[in-house]
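A structural walkthrough
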Amino acid sequence: MEWSPETLQFLSQCFLNTLSPLPEPRRRAEAALAEASDKPNYGLAVLRLVAEPSVDEQIRQAAAVNFKNTLKAHWAPMTNDPSMAGHAIPDPEKDQIKSLIVTLMVNSSPRIQAQLSEALTIIGKHDFPKAWPTLLPELVLTLDRLSQANDYVSVSGVLTTINSLFKKFRYQFKTNELLLDLKYCLDNFAKPLLEVFKRTASLIDQVSTSGATHASSLKPYIESQRLCCRIFYSLNFMELPEFFEDHMEEWMIEFKKYLTVKYPSLEDSGNDGLALVDELRAAVCENISLYMEKEEDLFQKYLSGFVEAVWGLLVVASASSSRERLTVTAIKFLTIVSASVHHTLFARDDILHQICQSIVIPNVMLREEDEELFEMNYVEFIRRDMEGSDLDTRRRIACELLKGIATNYKEKVTEKVAAQIQLLLASFSENPAANWKHKDCAIYLVVSLATKKAGGSSVSTDLVNVESFFGSVIVPELQSQDVDGFPMLKAGALKFFTMFRNQISKPIAMALLPDVVRFLGSESNVVHSYAASCIEKLLLVKDESGRARYSAMDISPFLLLLMTNLFNALQKPESEENQYVMKCLMRVLGVANVSHEVALPCINGLTSVLNRVCENPKNPVFNHYLFESVALLIRRACEQDPSLITALETSLLPSLQMILSRDVTEFFPYAFQLLAQLVDLNRSPLPGNYMEIFAILLLPESWKKSANVPALVRLLQAFLRKAPHELNQQGRLSSVLGIFNTLVSSPSSDEQGFYVLNTVIENLGYDVISPYISHIWVALFNRLQHNRTVKYVKSLVIFMSLFLVRHGSQNLVGSMNAVQPDVFRTILEQFWIPNLKMITGSLELKLTSVASTRLICESLTTSDSKLWGKMLDSIVTLLSRPEQERVEEEPDVPDFGETVGYNTTFVNLYNAGRREDDPLPEINDPKQFLVASLANLSAHSPGTYPRIINENLEPANQAALLQLCSSYNLTIV
């Protein structure tokens, strides 16, 4: 695309039309630009349009956004995306763009400048510094010129770009290449950064002392200093560079000034002004925290001054809800100091008292925005409050400061905080309605400062006596008849009960459980979520013996009410997909006695929820618990009363058929697993509607999505077990083996292919499978020849073993050799014998060792003594050595043949699984089977086998075999 007046006119018109409120011209313009973007020099032409002063600002801004997006897609397109092949911007065009962009960015209006700064960062991410060595020198010269000309809007534009380019030094893994890039940036920018920082500092001082009252004169300088601080953070993040060590004094003098000096003209001009200065102060706090963590010795002489400055700031900032980021970064700094060798700064009683009174309590006390979050966004509130993602909030970080001080002054901290808790509770008692937040604050302190015991869910606290605090502070809230009054207090009480559930004795907890069930009816989403979570966690509590503390008998008196309240909670606004309620439902079904009276309303409730979420699946965690609940209900109900299967099917099958017919692909893996569970629970012959599903299952289209494969295999296995006779009709077996063939040909699905094949071999007679057996071996040998993996060979050994125990060694050897003369011996020598020792899993170990034992006793003769001996050597290794000694797991290379993009993933339903069948239930001990078989075999030709064993078994295996013979009192003669 050559630059010309026509090009300018074409692009200007297109960008103008992209802003049209009418869809048709907008779509046409977008299509024309998409087509033009494939032409060489398109990016350059758009950049030139951005630079054209005669063009309307709105059009140039739209062009700047398009330019940025073009670079994102075409500067370094992903090589594994075939649609982008050949769409990369050519090198000559790249060079021209790089030569123009800095000057153009600096001379643009702020909005266009912001887009071009992002575009420059995109180029820098790929090319800087190696493929763009001129960039940093150009930025340095530009920065110097702009700061001297007092053009601080553009100075901030350049610093924003440099800040984006240098961020990689904070987040990328440290490598030699990254360190070389860092050295280059330090050599070229450490000095200019200090110069612009000091020049700007002096301008701030001039404006401040001149008594200027206009916030606008200070604003750009403060923003520039904030950006300098962020660049400082990036350049110092890995280690303290020599230049910064030599000039530490100059930096620290200014840092301290920004923490102690007030800028009334800006700070009092409205929230934006104060927020801007606080952002600079927060950046300073992060820098001094970094030095405190990495260079404590060098930083020591500045420490007490900074502690005092941060302290002074915090006492003021803690009282204001709008200064959260500054409060959090300032407290983090004090927390780092409190846990360091300089902890004595916090040792005095009066200081600890001030910390509690002026920093901790004001920051832990609930504020308006906490109440707003509680009411308006319960999911985010719980994520912060219950799940611990609130490390960067005032409430949590204030408690972290106390924990930091407590590492050296535990008794003092405990004493001070315990006293504060009593004061807060006394204040609540004086006027509960007005001072309820004081009680919430007391509960929050106890919960947040509790210490978790290693390796368990148990917590402890020295702040209060748990039983007494629970009885006097928590129980009154739980027994309150108004489930909607003071909901934040109720949530705090439920959280305390949940947290200290191991310490609350069973009789006390049982007396309160009906109250917790009542709170499921609260209108507050947080309260009914916490009630559900409390019940769910209580049901997981185990006594010291490891047995569950709460049983089906404990919850049976209020089980129906509990289930009703849980389903009702799922009807409440915003809680239609409440994962805490659904997880509780799942847990209750796992513990409760699922009788006829419980099962039927429950399956109806679950299917109605399922039908609702099918319309628009949004919450994968909720959906998983929903399907686990259905699977658990089916399993537990049918354990109690197998006849319930019909009623469960009547409710559930229409929903599962709807998932398949409406193509709700996210739910396919779940639906297939539930269908497999239902098939397993049915008796043969299967009802007709199942055979319709069997027909869908055999269609090749059903198997195209990799996420469906494990669940489809599980369903196919269920059908093969329950309907083996129907399999030999209407060409079904041929279809099943076609599926096996497809699966086994790829390393990503071969294991699933073997599951299908093993189920066929296990459930069908040899007369049924014999017409297909040569095709099966050809498919298996092909894969063995091309692209074999350790996993594949192990699966093959297991399959051959199963074939042998089901259909005899004669059929195994004969059918293999019919495909290729003497191929069995080759497979035995090269694959079976060397890989037998790699088998893992108790059923697999038993199967393969018994099959191998039968092979040497039934098929191999002493005329081939070496092969016989090597096979026995492998069997003894498998049976006598621990897994970690014999298995050298080779990582199989994953198969990336699937198309890249969004794929529903397979998630296993724990409760829909079935126990694996033992193909050899009559054999309990494979070691005994080996020794007994060898003793029996050797009795027919005494003297032959001890010689072969002596010649072919490793000495360690000879000793192990002797030990086995002695253990079972048998002899190989």
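The structure contained in this document is the topic of the report that follows. Note that the structure is predicted; figures quoted are calculated from it, not measured. (Residues numbered from 1 in each chain as written. Predicted model: local features only at pLDDT ≥ 70, side-chain atom pairs only at ≥ 80, totals over all residues. Heavy atoms only, no water.)

**Here we look at the overall build of the protein chain**
The secondary structure content of the protein chain amounts to 48 helices and two strands. When its C-alpha atoms are laid out on the principal axes, the protein chain stretches across 110 × 80 × 65 Å. Expressed as a percentage of the 973 residues in the protein chain, the buried residues total 54%. For the protein chain, long-range pairs separated by at least 24 residues make up 74% of all intrachain contacts whose partners lie at least 6 apart in sequence. Where the 90 positive side-chain charges of the protein chain centre and where its 112 negative ones centre are 2 Å apart. (Helix = DSSP H or I, 4+ residues; strand = E, 2+ residues; numbered from the N terminus. Buried < 20%, exposed > 50% of the residue type's maximum accessible area, 1.4 Å probe, protein only. Contact = heavy atoms within 4.5 Å. Lys, Arg positive; Asp, Glu negative; His and termini not counted. Charge placed at Lys NZ, Arg CZ, Asp CG, Glu CD.)

**Some thoughts on the state of the cysteines**
As enumerated under the stated definition, the model contains zero disulfides in all. Here C285 stays unpaired: no disulfide links it, and the sulfur of C229, its closest cysteine neighbor, is 10 Å away. You can call C285 buried: its relative accessible area is 0%. Cysteine C441 shares no disulfide, and the gap to the nearest cysteine sulfur, in C399, comes to 8.2 Å. (Disulfide = S-S within 2.5 Å.)

**Section: the packing of helix 29 (residues 579–591) against helix 31 (residues 620–640)**
Where helix 29 contacts helix 31, the axes come no closer than 9 Å and their chain directions differ by 15 degrees. What the angle tells us is that helix 29 and helix 31 run roughly parallel. Crossing of helix 29 against helix 31: the hand is left-handed. Packed against helix 29, whose contacting residues are Q579, M582, K583, L585, M586, L589, G590 and V591, the element helix 31 presents V621, F622, Y625, L626, E628, S629, L632, L633 and R636 at the interface. (Axes fitted to C-alpha atoms, helices over the stretch in contact; angles between N-to-C directions. Parallel < 35°, antiparallel > 145°, perpendicular 65-115°, else oblique. Left-handed = near helix turned anticlockwise from the far one by under 90°.)

**Some points on the environment of Q752**
Take Q752: it is sitting in helix 38 (residues 750–763). For the pair formed by Q752 and T971, sequence separation is 219 residues and the distance between their alpha carbons is 42 Å. Beyond its immediate stretch of four places on either side in the chain, Q752 contacts V709, P710, V713 and L743.

**Some details on the nonpolar core**
By size, the foremost hydrophobic cluster in this structure holds 347 residues, and its most contacted members are F166, F333, L445, V588, L780, F799 and W832. If we ignore the near neighbours within four places in the chain, the residues touching F166 are F128, L136, C185, F189, I231, S234 and L235. (Core = buried A, V, L, I, M, F, W, Y, C linked by side-chain atoms within 4.5 Å.)

**A short note on the packing of helix 7 (residues 135–148) against helix 10 (residues 176–209)**
Closest axis-to-axis distance for the helix 7/helix 10 pair is 11 Å, and the angle between their directions is 5 degrees. Classed by the angle they form, the pair helix 7 and helix 10 counts as roughly parallel. Along the contact surface, helix 7 presents L136, P137, V140, L143, D144, S147 and Q148, while helix 10 presents Y184, C185, N188, F189, P192, V196 and R199. Classifying every residue of the contact of helix 7 with helix 10 by side-chain character gives nine nonpolar, three polar and two charged. (Nonpolar A, V, L, I, M, F, W, Y, C, P; charged D, E, K, R; others polar.)

**Quick notes on helix 31**
Taking 1.5 Å of rise per residue, the 21 residues of helix 31 would be expected to cover 30 Å, and the 30 Å separating its terminal C-alpha atoms lies within 8% of that figure. Summarising burial for helix 31: 16 of the 21 residues are buried, a large majority. The N-cap of helix 31, judged by a side-chain oxygen 3.1 Å from the amide nitrogen of V621 a few residues on, is N619. (Expected span 1.5 Å × (residues − 1). Polar contact = N/O pair within 3.5 Å; in protein donor to acceptor, adjacent residues only side chain to side chain.)

**Describing the pattern of salt bridges**
Scanning the model with the defined rule gives 57 salt bridges in all. Notably, a salt bridge pairs R384 with E380, separated by 3.0 Å at the nearest N-O pair. Of this pair, R384 and E380 both sit in helix 20 (residues 378–385), four residues apart, which is roughly one turn of that helix. When its relative accessible area of 32% is taken as the criterion, R384 is described as partly exposed. Through salt bridges that share partners, K130, K168, E177 and D181 make up one connected network. (Salt bridge = Lys/Arg side-chain N within 4 Å of Asp/Glu carboxyl O.)

**Brief notes about the packing of aromatic side chains**
Counted according to the given criterion, the structure contains 35 aromatic pairs. Judged by centre distance (5.0 Å) and plane angle (70 degrees), the ring pair of F627 and F667 falls under edge-to-face. With F627 in helix 31 and F667 in the loop between helix 32 (645–661) and helix 33 (668–681), this pair connects stretches of sequence that are 40 residues apart. Taken individually, F627 and F667 each receive the classification buried, so the pair is uniform in this respect. Between F799 and F803, the ring centres sit 6.1 Å apart and the planes meet at 90 degrees, which makes this aromatic pair edge-to-face. Within this pair, F799 and its partner F803 are both found in helix 41 (residues 790–819), separated by four residues, close to a single helical turn. Classification of F799 by relative accessible area gives buried; the value is 0%. Judged by relative accessible area, F803 falls into the buried class, the value being 0%. Grouped by ring-pair contacts, the aromatic residues F197, F232, F243, F244, W251, F255, Y258 and Y291 constitute a single cluster. The ring centre of F237 lies 5.3 Å from the NZ or CZ of K294, which sits over that ring. When the ring centre of Y444 is taken as origin, the NZ or CZ atom of R395, which lies over that ring, is 4.0 Å away. (Phe/Tyr/Trp six-rings, centres within 6.5 Å; stacked < 30°, edge-to-face > 60°. Lys NZ or Arg CZ within 6 Å of the ring centre and 35° of its normal.)

**Points about helix 23 (residues 466–478)**
Counted at 1.5 Å a residue, the expected span for helix 23 with its 13 residues is 18 Å, but the 16 Å between its end C-alpha atoms falls short. Along helix 23, the helix axis deviates most sharply at S472, where the bend reaches about 35 degrees; the proline P476 sits within four residues downstream. Where helix 23 is concerned, the buried positions are V466, F469, F470, V473, I474, V475, E477 and L478. The secondary structure elements touched by the buried residues of helix 23 are helix 21 (394–430), helix 22 (436–448), helix 24 (487–499) and helix 25 (506–518). (Bend = angle between axes of the 7 residues up to and from the residue.)

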